[in-house]
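A structural walkthrough
Okay, here's what each chain looks like letter by letter:
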Amino acid sequence: ASVSISGRRVARFLDQIADQRQLPPLIICDNGPEFTSKAMFFWAKERRTKLGFIQPGKPTQNSFVESLNGKFRNECLNQHWFRSLDEARREIDQWRDHYNQIRPHSSLGYLPPVEFARQAAKSEQNLIQSVILRLGKVQCVGRQPKQGCHCRRNELQMIRFPHVTGVGSSRI
């Protein structure tokens, strides 16, 4: 079984992410062959997103990834001697789950990423509802309205909240 990552495999993974959240207009990558491949070029073109590449030899231009790589190396890879690929996958999966589900991150107000995302989504929905209430002329449609609900989703256009979603927009 091959352990290398092709551009097609990266594209499939990004499609899985796109099923859950909107793709950003720009994805910053290093110059690895998986990102510079034709598969990734065509994937980005079909999805109307752009690939941006850091300058060769300038890992600080992708500092978030470099920070994650350092944490992964120190907290996972340097802590274990893997006797098999299966064992490595198990340990890495455990580390990833802990990193995303349990481990507090100072940059996220000492919340784990999953909890931060949950709270951000809730805040975004509250912000959207606040904007809708201020519009004052929309009503509930298509189902039994709940008391105090003022949404008419099919009349609203794209509302931009870059500070909340981090990808530039949110579709209601």
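Since we're looking at a predicted model, the values are computed, not measured.

Procedures and definitions
- Residues numbered from 1 in each chain as written.
- Predicted model: local features only at pLDDT ≥ 70, side-chain atom pairs only at ≥ 80, totals over all residues.
- Heavy atoms only, no water.
- Helix = DSSP H or I, 4+ residues; strand = E, 2+ residues; numbered from the N terminus.
- Buried < 20%, exposed > 50% of the residue type's maximum accessible area, 1.4 Å probe, protein only.
- Contact = heavy atoms within 4.5 Å.
- Areas by Shrake-Rupley, 256 points an atom, 1.4 Å probe, with all protein chains shown as cover.
- Axes fitted to C-alpha atoms, helices over the stretch in contact; angles between N-to-C directions.
- Parallel < 35°, antiparallel > 145°, perpendicular 65-115°, else oblique.
- Left-handed = near helix turned anticlockwise from the far one by under 90°.
- Nonpolar A, V, L, I, M, F, W, Y, C, P; charged D, E, K, R; others polar.
- Pairing = 2+ DSSP bridges.
- Right-handed = clockwise from strand over helix to strand, strands pointing away.
- Core = buried A, V, L, I, M, F, W, Y, C linked by side-chain atoms within 4.5 Å.
- Expected span 1.5 Å × (residues − 1).
- Arc of directions from axis to C-beta.

**Describing the overall build of the protein**
From N to C terminus, the protein includes 6 helices and 2 strands. Element order for the protein, N to C, with α for helix and β for strand: α-β-α-β-α-α-α-α. Sorting the 172 residues of the protein into buried and exposed places 23% on the buried side. Expressed as a percentage of contacts within the protein between residues at least 6 apart in sequence, the contacts between residues at least 24 apart total 41%. As displayed, the protein offers around 13,100 Å² of accessible surface, 53% of which is attributable to carbon and sulfur atoms.

**Things to note about the packing of helix H3 (residues 63-75) against helix H4 (residues 85-101)**
Running from amino to carboxyl end, H3 crosses H4 at an angle of 125°, the nearest separation of the two axes being 11 Å. In terms of their interaxial angle, H3 and H4 are classed as oblique. The way H3 lies across H4 gives a crossing that is right-handed. For the pair H3 and H4, the contacting residues are Leu68, Lys71, Phe72 and Glu75 in the first and Ile92, Trp95 and Tyr99 in the second. Grouping the constituent residues of the contact of H3 with H4 by class yields 5 nonpolar, no polar and 2 charged.

**Focus on the pairing of strand S2 (residues 50-53)**
Across 4 bridges, the pairing between strand S1 (residues 26-29) and S2 is parallel. Across the sheet, the residue bridging to Cys29 is Phe53, located in S2. In this fold, S1 hands off to helix H2 (residues 38-46), which returns the chain to S2; that crossover is right-handed.

**Topic: the nonpolar core**
Membership of the largest hydrophobic core is limited to 10 residues, which are Val10, Ala11, Leu14, Leu23, Ile27, Cys29, Met40, Trp43, Ala44 and Leu51. With near-sequence residues (within four places) excluded, Ile27 lies in contact with Leu14, Trp43, Thr49, Lys50, Leu51 and Gly52.

**Concerning the environment of Pro59**
Among the secondary structure elements, Pro59 is positioned in the loop between S2 and H3. Owing to a relative accessible area of 40%, Pro59 belongs among the partly exposed residues under this scheme. Beyond its immediate chain neighbours, meaning those up to four positions away, Pro59 contacts Ile54 and Glu66.

**Observations concerning unusual backbone geometry**
The residue Arg48 is not glycine, and still its phi comes out positive at about 55°. By the secondary structure assignment, Arg48 is in the loop between H2 and S2. Assessed through its relative accessible area of 79%, Arg48 is described here as exposed. In the Ramachandran plot, Tyr110 falls in the positive-phi region, its phi being about 60° despite a non-glycine side chain.

**Remarks on helix H1 (residues 7-18)**
Structural remark: α-helix, 3.6 residues per turn; residues separated by three or four positions point the same way. Here H1 contains 12 residues, and its C-alpha end-to-end distance of 16 Å stays within 8% of the 16 Å for a straight helix at 1.5 Å per residue. Every buried residue of H1 is accounted for by Gly7, Val10, Ala11 and Leu14. End-on view of H1: buried residues confined to an arc of 100°, all on one side of the axis. In H1, the exposed positions angled more than 90 degrees off the buried face are occupied by Arg8 and Arg12. Against the buried residues of H1 lie S1 and H2.

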